[in-house]
Amino acid sequence: MKKPMEKHLTLREKILENIRDAIISGALKAGSRVSEPDLAERYGISRTPIREAFRQLESEGYLTVIPRRGAVVSDFSEKDVEEFYAIKSILEGYAASRACEKLTPKELDRLQSINDRLAELAAHNDIKAFFKIHNDFHDVFIKAADNEKLRELINSLVTRFQRLRLMSLSLPGRMESSVQEHEKIIEAFRSKDAEAAETLVRKNAVYGGKALMDCGIAVLSPSDTMPMDL
């Protein structure tokens, strides 16, 4: 029983990764339909794991599932981008301020270790690994803020707009600048300067949104419906 389950999970992850990559690369534009039957036939599986993958991608902001039409690539407007990063900056800035006096030496070393690893990944242009570990960096000080409701709000928000965050970090030079911004944040934490930590974290979030909009919000705009091509 174990091998079929592992195969199922592997296929589901492959489907998730392929659709995410197609959307981030622009192969699938906003408004494009993603065919459930075509994917089921292509991977030789039932529609159940496809539906599960669609639900996860919808929760991450990649797809919108429309009754009687199926799944389409979600559309984000410039206003969506502005609002997301504005709210993210406020919530994470507050978390940084609260965490400043609570972060232990071990947690500070953990932040430095994560950022050193991020620098290596940026040098190798490994965006997928960078994105995952980048999340770990923020989670350290968000946890340290010791406010579970705040953490839940932030996690819900960043999960819903995961696509925007990945697109922002994928921009040329963005990974390197993120590492530099993190170094300043770590320095503020070590100095227990709550005001500086909050300001730097808020700027970090705002800059992420600005970088995305400066590259041309057209990458998020709807296009004519096109077939799935993974």
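Thresholds, definitions, all that
Residues numbered from 1 in each chain as written. Predicted model: local features only at pLDDT ≥ 70, side-chain atom pairs only at ≥ 80, totals over all residues. Heavy atoms only, no water. Core = buried A, V, L, I, M, F, W, Y, C linked by side-chain atoms within 4.5 Å. Buried < 20%, exposed > 50% of the residue type's maximum accessible area, 1.4 Å probe, protein only. Helix = DSSP H or I, 4+ residues; strand = E, 2+ residues; numbered from the N terminus. Domains from an automatic or database assignment. Contact = heavy atoms within 4.5 Å. Pairing = 2+ DSSP bridges. Axes fitted to C-alpha atoms, helices over the stretch in contact; angles between N-to-C directions. Salt bridge = Lys/Arg side-chain N within 4 Å of Asp/Glu carboxyl O.

J.: Break down the nonpolar core for me, with residues and values.
T.: The nonpolar side chains of a soluble globular protein tend to be buried, and buried together. If you look at the biggest cluster of nonpolar residues, it comprises 65 residues, and the most contacted ones within it are Ile-19, Val-34, Leu-63, Leu-103, Phe-141 and Phe-189. Among the elements that take part in this core, helix H6 (residues 127-144) stands out by supplying 8 residues, more than any other. Two domains each put at least three residues into this core: domain 1 (11-73) and domain 2 (78-215). Leave out the neighbours within four places in its chain, and Leu-63 touches Ile-19, Ile-23, Val-34, Phe-54, Leu-57, Glu-58, Ala-71, Val-72, Val-73 and Ser-74.

J.: Would you mind going over the sheet that holds strand E3 (residues 70-73) in detail, with residue names and values included?
T.: Pairing is antiparallel across the open sheet formed by 3 strands, whose spatial order is E1-E3-E2. Edge positions in the sheet fall to strand E1 (33-34) and strand E2 (63-66), since each of these pairs with one other strand and no more. Two elements, E1 and E3, share 2 bridges in a ladder whose sense is antiparallel. Paired with Val-34 across the bridge in E3 is Ala-71. Most of the contacts of helix H3 (residues 47-59) go to E2, to which it runs at about 120°, and overall it touches E1, E2 and E3.

J.: Can you explain helix H8 (residues 162-169)? Please cite residues and give values.
T.: Burial within H8 is extensive, with 8 of its 8 residues counted as buried. Those residues of H8 that fall on the buried side of the exposure criterion are Gln-162, Arg-163, Leu-164, Arg-165, Leu-166, Met-167, Ser-168 and Leu-169.

J.: Tell me about the pattern of salt bridges, residues and numbers included.
T.: Enumeration according to the criterion identifies 13 salt bridges in this entry. Of the charged contacts, one joins Arg-47 and Glu-36 as a salt bridge, the two residues approaching to 3.8 Å between their closest N and O atoms. Placement of the pair is Arg-47 in helix H3 and Glu-36 in helix H2 (residues 36-43), with a sequence separation of 11 residues. What makes Arg-47 partly exposed here is its relative accessible area of 39%. Here Glu-92 and Lys-88 are joined by a salt bridge, their closest N and O atoms 3.1 Å apart. Pair noted here: Glu-92 and Lys-88 are both in helix H4 (residues 78-99), with a separation of 4 residues, about one helical turn. By relative accessible area, which is 3% here, Glu-92 ends up buried. Residues joined by salt bridges that share partners form a network here, namely Glu-17, Asp-21 and Lys-128.

Purely geometric numbers; function is a separate question.
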